[in-house]
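As a plain string of letters, each chain reads:
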Amino acid sequence: MAKKIGVTMDVGNDGVAVITISNPPVNSLASPIIAGLKEKFRDANQRNDVRAIVLTGNNGRFCGGFDINVFQQVHKTGDLSVMPEVSVDLVCNLMEDSRKPLVAAVEGLALGGGLELAMACHARVSAPKAQLGLPELTLGVIPGFGGTQRLPRLVGLAKATDMILLSKSISSEEGQKLGLIDALVPPGELLSTSRKWALDIADGRKPFLRSLHRTDKIGSLSEARAILKNSRQLAKKIAPKMPQHHAVIEVIEEGIVHGGYSGVLKEAEVFRQLVLSDTAKGLVHVFFAQRATSKVPNVTDAGLKPRPIKKVAVIGGGLMGSGIATALLLSNIRVVLKEINPEYLMKGIKTVEGNIKGLVSRGKLTQDKAGKALSLLKGVLDYTEFKDVDMVIEAVIENIQLKQNIFKELEKVCPPHCILASNTSTIDLNVIGEKTNSKDRIVGAHFFSPAHLMTLLEIVRSENTSPQVILDLMAVGKAIKKVPVVVGNCIGFAVNRTFFPYTQAAHMLANLGVDLFRIDSVITSFGLPLGPFQLGDLAGHGIGLAVGPIYAKVYGDRMFRSPLTELLLKSGRNGKINGRGYYIYEKGSKPKPDPSVLSVVEESRKLTNIMPGGKPISVTDKEIVEMILFPVVNEACRVLDEGVVIRASDLDIASVLGMSFPSYRGGIVFWADMIGPKYIYERLKEMSETYGSFFKPSRYLEERATKGMPLSELKSSRSRL
Ligand SMILES: CCCCCCCCCCC/C=C/C(=O)SCCNC(=O)CCNC(=O)[C@H](O)C(C)(C)COP(=O)(O)OP(=O)(O)OC[C@H]1O[C@@H](n2cnc3c(N)ncnc32)[C@H](O)[C@@H]1OP(=O)(O)O
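Note that the coordinates shown come from a computational prediction; the quantities given were computed from them, not determined experimentally.

## Things to note about the state of the cysteines
- Summed over all chains, the structure comprises zero disulfides.
- This cysteine, Cys414, is not joined by any disulfide, and Cys418 carries the nearest cysteine sulfur, 4.1 Å off.
- Given the relative accessible area of 8%, Cys414 is considered buried.
- There is no disulfide at Cys637, and the cysteine sulfur nearest it, in Cys490, is 14 Å away.
- Exposure remark for Cys637: the relative accessible area of 1% places this residue in the buried category.

Written as structure tokens, this is what we have:
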């Protein structure tokens with residue numbers, strides 16, 4: 001059925017015109033909607049039978065903001081003319097300065113441009129639990145319909161800057177307390193109360209308030225400047241590299257110093273600059289890329305329905321198992337946690353309790369909810385409880401034989417509908433399920449550590465995994481607030497495979513004589529939260545040593561064999577776990593570079609002996625970024641070529657959520673396409689000539705570079721999905 005898009009106006013006998021936005025699913029402000037709003041407001045203002053106006057949205061949602069597809073269109077074409085000049089024409093002239101009172105009837109959500117329209121009305125009536133916010137900064141832009149000026153005037157400067165900088169939405173209940181919402185009524189009374197409110201304003205029984213002209217919540221200039229100083233510090237702390245966070249404060253300040261109208265004009269000017277920034281391009285790409293992950297051909301379009309998953313067994317109470325159990329419990333799913341002895345079991349349960357208590361102490365969970373979550377956990381030492389579980393997630397150490405034995409056993413003790421998932425990060429699913437007759441229900445559920453906090457869930461399907469099982473796991477993933485990305489089966493799957501050259505390249509650079517702490521610092525300046533050496537410390541070097549041979553077996557031709565990890569372990573450094581790695585870890589203080597590790601690096605350099613003429617190479621920071629991240633792009637190309645992901649943007653999301661690749665760079669493939677495949681190819685070719693085959697450009701990269709095609713444009717016939 002075609003979507004019904006448009007703006008309607010119904011004028012009642014009471015003289016109230018109800019203007020309704022219809023653009024499913026979120027009533028976003030697409031160009032025809034903006035044109036429709038202009039037309040209807042003009043019409044309502046001119047008609048003699050209209051005394052007052054109510055603005056609302058169809059299907060229980062007021063408005064999800066400006067149509068983000070338009071930003072993407074601007075990014076593709078560079079053509080700003082598709083952006084409407086609305087902040088003055090529609091929002092000030094036709095709406096706020098209208099002689100007829102306007103009331104917003106808000107339900108469901110009013111976000112971005114949606115909330116901005118509501119704030120340009122003369123009052124706002126809302127149903128309970130509506131979501132209100134200005135999340136534009138998450139898209140690399142700032143509010144552009146006057147929101148930077150009106151929100152501070154309605155809720156106060158400190159609260160408004162907080163909401164805008166953190167893109168934090170509030171409920172209509174909180175909105176009422178703050179003065180953003182004038183009345184909170186049950187959904188059934190929303191329209192009638194809004195109509196009455198509008199007529200009350202028209203008849204002078206209620207005040208005719210224009211938000212932009214209000215000054216009562218702004219305070220004195222010196223008070224405002226003090227608040228903005230704090231906001232600048234906050235922006236520097238949370239988003240040092242984001243231009244929009246700093247620009248929005250300047251725009252707010254303009255309105256405080258020179259008045260709201262001047263602020264609106266500056267807002268439009270700054271918006272125009274920001275919408276074309278690389279940051280906006282990256283973040284808008286991530287917005288759509290994330291949503292695209294929910295569309296899996298032959299799974300989500302196959303007419304299947306997810307089956308209910310009420311009870312899950314987690315095997316292994318280590319860091320991963322207890323994190324996975326925590327994530328499930330927090331979403332009210334019953335969990336059976338199995339360990340092999342009482343000591344390990346107790347440790348697992350304690351870790352789950354610690355995870356949950358941590359959330360309470362950070363104010364992220366109420367005591368009540370924590371108690372409820374923990375009541376759903378049962379620790380066990382045998383398989384008796386497995387008889388009625390809907391899913392098992394195995395999270396034991398990366399040992400092929402152990403996993404094979406567990407899956408063989410699971411087949412016997414679990415009901416036939418039960419999904420058999422493994423949290424392996426490296427081992428081939430076909431090998432894990434080799435000794436079973438249940439290959440259609442074996443699937444990878446690869447969580448990232450800490451599993452209760454990291455949002456990525458890689459769902460790994462083998463050629464035998466059934467679409468129903470994939471769909472069920474996607475639904476569980478969403479229920480536990482993860483972003484599921486379905487990927488194909490190969491060593492390392494999408495994320496770990498793409499990023500295995502990250503550490504390798506860092507080791508090569510260190511062995512070539514580059515200071516390892518400088519490498520970490522250059523990479524964090526690029527935008528990753530941890531450089532490769534600190535990341536290694538966090539994961540634990542024992543793990544690095546264990547998975548190395550698994551990768552070497554299949555990708556050995558493009559690996560750099562560094563003795564560094566082994567030497568590190570020999571010197572008693574396992575990373576954060578034992579307080580010493582490349583850095584020193586002390587409770588309560590930030591990791592400190594450990595100068596004594598340099599002797600270990602020296603030993604490694606002697607063994608590899610790759611420094612040209614025995615002297616350290618000299619590289620710029622830009623070269624460090626390229627030598628570390630271009631090999632990652634190169635492996636991403638192979639992942640795309642082999643069809644390990646459905647679409648290139650899935651790998652972008654996986655890199656952002658699984659490896660914390662900076663979202664404002666759009667993900668690994670998007671970033672590479674921004675630089676250009678040709679440049680990356682040529683640089684890798686030069687590097688491989690100087691430093692060897694580790695850098696050799698892949699066939700896919702070479703082809704794209706030669707043909708002038710973006711990496712994201714897939715035309716693979718080799719899909720594993
Ligand atoms: C020349 C220059 C002149 C300068 C003048 C400036 C003029 C322009 C100024 C513009 C200023 C305003 C900017 C904005 O409003 S930006 C948008 C702000 N809004 C948001 O960021 C909200 C984004 N959406 C969400 O957070 C969620 O989608 C939402 C909470 C709304 C719903 O979540 P839910 O989980 O229910 O659903 P999904 O997220 O899966 O979304 C469902 C589908 O809807 C699509 N969607 C959602 N929001 C938008 C949107 N704002 N625009 C377009 N499409 C949207 C989403 O992509 C999903 O689509 P698919 O089903 O196809 O995947």
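Moving on from the model shown.
## Quick look at the nonpolar core
- Within the largest apolar cluster, 103 residues are counted, with the highest numbers of intra-cluster contacts made by Phe386, Val392, Leu410, Ile628 and Leu629.
- At 12 residues, helix α25 (residues 621-641) tops the list of elements feeding residues into this core.
- Two domains share this core, each providing at least three of its residues, namely domain 2 (311-489) and domain 3 (496-707).
- If near-sequence neighbours (up to four positions away) are discounted, Ile628 is found in contact with Tyr502, Ala505, Ala506, Leu509, Ile519, Ile523 and Pro532.
- Among the nonpolar cores identified, the runner-up in size contains 73 residues, and Leu55, Leu132, Leu157 and Ile170 belong to it.

## Observations concerning the sheet that holds strand β5 (residues 109-111)
- Taken together, the three strands give an open sheet; going across it, the order is β5-β7-β8, and neighbouring strands pair in mixed fashion. In this open sheet, the two strands that pair with only one neighbour each are β5 and β8 (170-171).
- Relative to strand β7 (residues 131-133), β5 is paired through three bridges, and the arrangement is parallel. The residue of β7 that forms the bridge with Leu109 is Gln131.
- Each of β5 and β7 touches helix α4 (residues 113-120); the most contacted strand, β5, lies at about 95° to it.

## Observations regarding the pairing of strand β4 (residues 102-106)
- Of all five residues in β4, five are buried, a share of seventy percent or more.
- Two elements, β4 and strand β6 (residues 123-126), share four bridges in a ladder whose sense is parallel. Each residue of the ladder has a partner; that of Val103, found in β6, is Ala123.

## Side note on the layout of surface pockets
- Taken as a whole, the second largest pocket encloses approximately 1,000 Å³ of empty space.
- Lining the second largest pocket are 45 residues; nearest its centre among them are Gly64, Gly65, Phe66, Asp67 and Ile68.
- Listing elements by their share of the lining of the second largest pocket, those giving two or more residues are α2 (68-77), β5, α4, α11 (260-275) and α12 (278-292).
- In the lining of the second largest pocket, the residues fall into 23 nonpolar, 14 polar and eight charged.

## Observations regarding the sheet that holds strand β2 (residues 16-22)
- In spatial order, the strands read β1-β2-β3-β4-β6-β9; together these six strands make up an open sheet with mixed pairing. On the outer flanks of this sheet lie β1 (6-11) and β9 (183-184), each paired with one strand and no other.
- Relative to β4, strand β3 (residues 52-57) runs parallel, the two sharing four bridges. Within the sheet, the bridge partner assigned to Ile53 lies in β4 and is Leu102.
- The sheet contacts of helix α1 (residues 31-46) involve β1, β2, β3 and β4, and relative to β1 the element is tilted by about 20°.

## A word on the packing of aromatic side chains
- All told, the structure shown has 18 aromatic pairs when counted by the stated rule.
- The interplanar angle of 75° and the centroid separation of 4.9 Å between the aromatic rings of Phe533 and Tyr582 together place this pair among those described as edge-to-face. Taken together, the residues span a long stretch of sequence, with Phe533 in helix α21 (residues 532-539) and Tyr582 in the loop between α23 (564-570) and β18 (583-584) at a distance of 49 residues.
- For Phe533, a relative accessible area of 1% translates into the label buried.
- Through a chain of ring-to-ring contacts, the aromatic side chains of Phe526, Phe630, Phe661, Trp671 and Tyr679 assemble into a single cluster.
- Positioned over the ring face of Trp197 is Lys206, at 4.4 Å from the centre of the ring.

## As for the environment of Leu115
- Examined against the element boundaries, Leu115 turns out to sit in helix α4.
- The exposure class assigned to Leu115 is buried, which follows from its relative accessible area of 1%.
- Separated by 65 residues in sequence, Leu115 and Leu180 have C-alpha atoms that sit 9.9 Å apart.
- In this view, Leu115 contacts Ala110, Leu132, Gly133, Leu134 and Leu180; residues no more than four positions away in its chain are not counted.

## Side note on the site of the ligand
- By nearness alone, 32 residues border the ligand, and Arg61, Phe66, Gly113, Arg291 and Lys295 come closest of all.
- Phe66 places a main-chain nitrogen or oxygen 2.8 Å from an oxygen atom of the ligand.
- Protein burial of the ligand: of its 1,200 Å² of free accessible surface, 78% is covered by the chains.
- The pocket occupied by the ligand, as judged from atoms lying within 2 Å of grid points, is the second largest pocket.
- Broken down by secondary-structure element, the contributors of at least two residues to the shell around the ligand are α2, β5, α4, α11 and α12.
- The class makeup of the residues in the shell around the ligand is 17 nonpolar, seven polar and eight charged.

## What about the confidence of the model for the protein chain?
- Residues at a pLDDT of 70 or more form 99% of the protein chain, whose mean pLDDT is 96.
- Both confidence scores are given for the complex: pTM 0.95, ipTM 0.98.

## A closer look at the pattern of salt bridges
- What the rule picks out here adds up to 45 salt bridges.
- Ionic pairing is found between Asp182 and Arg124, a salt bridge with its closest N-O pair at 3.9 Å. One end of the pair, Asp182, is in the loop between α7 (172-178) and β9; the other, Arg124, is in strand β6, and 58 residues separate them in sequence.
- Here Glu253 and Arg225 are joined by a salt bridge, their closest N and O atoms 3.4 Å apart. Remark: Arg225 occurs in helix α9 (residues 221-238) and Glu253 occurs in helix α10 (residues 243-258); sequence separation between them is 28 residues.
- Judged by relative accessible area, which is 16%, Glu253 ranks as buried.
- Connected through shared salt-bridge partners, Arg51, Lys196, Asp200, Asp203, Arg205 and Lys206 make up one network.

## Considering the packing of helix α27 (residues 668-675) against helix α28 (residues 677-691)
- Interaxial distance between α27 and α28 falls to 6 Å at its minimum, and their mutual angle equals 90°. By the angle between their directions, the pair α27 and α28 is classed as roughly perpendicular. Of the residues in α28, those in contact with Ala672, Asp673 and Ile675 of α27 are Pro677, Tyr679 and Ile680.

Parameters at a glance
- Residues numbered from 1 in each chain as written.
- Predicted model: local features only at pLDDT ≥ 70, side-chain atom pairs only at ≥ 80, totals over all residues.
- Heavy atoms only, no water.
- Disulfide = S-S within 2.5 Å.
- Buried < 20%, exposed > 50% of the residue type's maximum accessible area, 1.4 Å probe, protein only.
- Core = buried A, V, L, I, M, F, W, Y, C linked by side-chain atoms within 4.5 Å.
- Helix = DSSP H or I, 4+ residues; strand = E, 2+ residues; numbered from the N terminus.
- Domains from an automatic or database assignment.
- Contact = heavy atoms within 4.5 Å.
- Pairing = 2+ DSSP bridges.
- Axes fitted to C-alpha atoms, helices over the stretch in contact; angles between N-to-C directions.
- 1 Å grid on protein atoms, 1.4 Å probe; cavity = no way out; pocket = protein on both sides within 12 Å on 5 of 7 lines; lining within 4 Å.
- Points joined across faces, edges and corners; volume = space filled by probe spheres on them.
- Nonpolar A, V, L, I, M, F, W, Y, C, P; charged D, E, K, R; others polar.
- Phe/Tyr/Trp six-rings, centres within 6.5 Å; stacked < 30°, edge-to-face > 60°.
- Lys NZ or Arg CZ within 6 Å of the ring centre and 35° of its normal.
- Near = heavy atom within 4 Å.
- Polar contact = N/O pair within 3.5 Å; in protein donor to acceptor, adjacent residues only side chain to side chain.
- Areas by Shrake-Rupley, 256 points an atom, 1.4 Å probe, with all protein chains shown as cover.
- Sits in = over half its atoms within 2 Å of the grid points.
- pLDDT = per-residue confidence, 0-100.
- Salt bridge = Lys/Arg side-chain N within 4 Å of Asp/Glu carboxyl O.
- Parallel < 35°, antiparallel > 145°, perpendicular 65-115°, else oblique.

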